[in-house]
Amino acid sequence: MGYQTLNVDVTDHVAVIRLDRPEALNALSTELLGELAKALKAAQENDKVRCIVLTGSDKAFAAGADIVEMSEKSFADVFMGDIFGAEVGQLMRIRKPIIAAVSGYALGGGCELAMMCDFIIASDTAKFGQPEINLGVIAGLGGTQRLTHAVGKAKSMDMNLTGRFMDAAEAERSGLVSRVVPAKKLMDEAMSAAGKIAEKSMIAVTAVKEAVNASQEVPLSQGLLLERRIFFGLFGTDDQSEGMAAFVDKREAQFRDR
Ligand code: DAK
C-alpha cells in the first residue's frame, strides 16, 4: 500500500515504518497518524512480520502533534472529535513488539509516540521533551503518565513544567531509553535488536509484551500472579519443549510458534 507520510519496508521478518513528513519535522498530522494506524495494522496482520521498528529522520523522530492543524481547533472539536483516539487505540492493540528508533527531536506527541512503543533505542543526537506547556496546554497522549513511569516524578515534572529537552545521555540515565548509539549506527542497532526478537518464539515474545505492559498498570502482587500464570501456560507450547530440549542438546532452537 502506498502512503503519503510514511515509508514501509519489510525485510527479514522486520517491518520498518519510517515517518516521512520532512517539511514539518514529522509532525503528527491527522493524515500521518491515520496512515500509521493502517501500517501498524497491516504489519500486525502480515505473518512474515515478527517485529516492527518505528523511526523518523536523522533530524526528527517527530516534533509533536501538528500545531498548525491543532491551532484552529476548539474544545468542542477536540473533545467531540476525540482527536487521535482511534489511531492511538489501534497502536495500543498491536501485539507484535515495536521498537522506536529515535534520532533528533522526539517532542510532545513524538515523545509520547516513542513511549507507546515497547522500547526506545536512541541515537546520540536524540532530544526528548514535553513542551506542550509552551503552547498553553499539557501533554495529552501519555506525557504526564508514561514519562512519569519511565523517569520518575521529579524529572517528569521538570520536563512537563519547564518544557526543557532531555538529551540522549540523560534519557538513558533516567530509564527512558534502553540504549544510546552513535547516530550512524541507529538503524543497524535497531535492526539487530529486531532481528534477535524475530528469532524467538512469537508466543513467548507476545507473552513478554503482555506481562511487562501489565507491570505498568496493576499492583505488584497481581502482576506477579499474571507472570506466573503465563509462565505455567507456556509449558503447554511446543516452543517450550523445543527451547529446553535444544539447550540440553546444545543446539539452536527451531521455534515454530506452536
Ligand atoms: N507542528 C507543525 N509544524 C512543525 C512542528 C509541529 N509540531 N514542529 C516543527 N514544525 C515545522 C516548523 O513550523 C517549520 O516549518 P516551516 O516554517 O519551515 O514551514 C519546520 O517544521 C522546521 O521547523 P523549525 O524551523 O522550527 O526547525 P528548528 O530546527 O529551528 O526547531 C524544533 C526545531 C523542533 C525545536 C521546533 O520546530 C519546535 O519547537 N517545534 C514544536 C515542538 C512542539 O512544541 N511540540 C509539541 C506539539 S503539541 C492529544 C494528542 C496529541 C497531543 C496532545 C493531545 N490527544 C489525543 C488528547 C500532542 C500535542 C503536541 O505534540
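Let us look at the structure shown here.

Reading guide: rules and limits
- Residues numbered from 1 in each chain as written.
- Predicted model: local features only at pLDDT ≥ 70, side-chain atom pairs only at ≥ 80, totals over all residues.
- Heavy atoms only, no water.
- Axes fitted to C-alpha atoms, helices over the stretch in contact; angles between N-to-C directions.
- Helix = DSSP H or I, 4+ residues; strand = E, 2+ residues; numbered from the N terminus.
- Parallel < 35°, antiparallel > 145°, perpendicular 65-115°, else oblique.
- Left-handed = near helix turned anticlockwise from the far one by under 90°.
- Contact = heavy atoms within 4.5 Å.
- Pairing = 2+ DSSP bridges.
- Core = buried A, V, L, I, M, F, W, Y, C linked by side-chain atoms within 4.5 Å.
- Buried < 20%, exposed > 50% of the residue type's maximum accessible area, 1.4 Å probe, protein only.
- Polar contact = N/O pair within 3.5 Å; in protein donor to acceptor, adjacent residues only side chain to side chain.
- Patch = residues over 30% accessible without salt bridge, like charges linked within 9 Å, V, L, I, M, F, W, Y side chains within 5 Å.
- Areas by Shrake-Rupley, 256 points an atom, 1.4 Å probe, with all protein chains shown as cover.
- Salt bridge = Lys/Arg side-chain N within 4 Å of Asp/Glu carboxyl O.
- Arc of directions from axis to C-beta.
- Phe/Tyr/Trp six-rings, centres within 6.5 Å; stacked < 30°, edge-to-face > 60°.

### Some points on the packing of helix α1 (residues 30–45) against helix α4 (residues 85–92)
Alright, step 1. It is at 9 Å that the axes of α1 and α4 come closest, and there the two elements cross at 25°. Judged by the inter-axis angle, α1 sits roughly parallel to α4. Seen along the crossing, α1 lies across α4 with a hand that is left-handed. Residue-level inspection shows L33, G34, L36, A37, L40 and K41 of α1 in contact with α4, the latter providing E87, Q90 and L91.

### As for the sheet that holds strand β8 (residues 127–129)
Two strands in a sheet stick together by hydrogen bonds in their backbones, pointing the same way (parallel) or opposite ways (antiparallel).
Alright, step 1. If you walk across this open sheet you meet the four strands as β4-β6-β8-β9, and the pairing is mixed. Two strands in the sheet have a free side with no partner beyond their single neighbour: β4 (60–62) and β9 (165–167). Across the sheet, the mean angle from the axis of one strand to that of its neighbour is 20°, orientation sign disregarded.
Alright, step 2. Bridge count for β4 against strand β6 (residues 105–107) is two bridges, and the pairing is parallel. Bridge pairing in β6 places A62 opposite A106.
Alright, step 3. Those strands touched by helix α5 (residues 109–116) are β4, β6 and β8, and its axis lies near 95° from that of β6.

### Let's talk about the nonpolar core
Alright, step 1. Ranked by size, the top nonpolar core spans 44 residues in total, and within it F128 and L176 carry the most contacts.
Alright, step 2. No other element matches the six residues that α1 contributes to this core.
Alright, step 3. Excluding anything up to four places from it in sequence, L176 contacts M115, I120, F128, L147, A150, V151, M166 and A171.
Alright, step 4. Of all hydrophobic cores here, the second largest spans 14 residues; its members include I99, I121, A190 and I197.

### A closer look at the side chain of S103
Alright, step 1. In this fold, S103 is placed in the loop between β5 (98–102) and β6.
Alright, step 2. Note on S103: relative accessible area 4%, which makes it buried.
Alright, step 3. Polar contacts involving the side chain of S103 include one to the main-chain carbonyl oxygen of D58, which spans 3.0 Å.
Alright, step 4. Excluding its chain neighbours within four sequence positions, the residues that come into contact with S103 are S57, D58, K59, A60, F61, S123, T125, A126 and L186.

### What to know about a nonpolar patch on the surface
Alright, step 1. A cluster of nonpolar side chains, contributed by I67, M70, L135 and V137, occupies part of the molecular surface with about 330 Å² of accessible area.
Alright, step 2. As for its placement among the helices and strands, I67 is situated in helix α2 (residues 67–70).

### Description of α4
Alright, step 1. Along α4, the residues classified as buried are E87, V88, Q90 and L91. Looking down the long axis of α4, one finds its buried residues gathered within 155° of arc, a one-sided arrangement.

### Some details on the packing of aromatic side chains
Alright, step 1. Scanning all chains against the criterion turns up four aromatic pairs.
Alright, step 2. Ring centres of Y105 and F165 lie 6.1 Å apart, and the angle between their planes is 70°; on these two criteria the pair is classed as edge-to-face. Here F165 lies in strand β9 and Y105 lies in strand β6, a separation of 60 residues in the sequence.
Alright, step 3. For Y105, a relative accessible area of 26% translates into the label partly exposed.
Alright, step 4. A network of ring pairs unites the aromatic residues F231, F232 and F235 as a single cluster.

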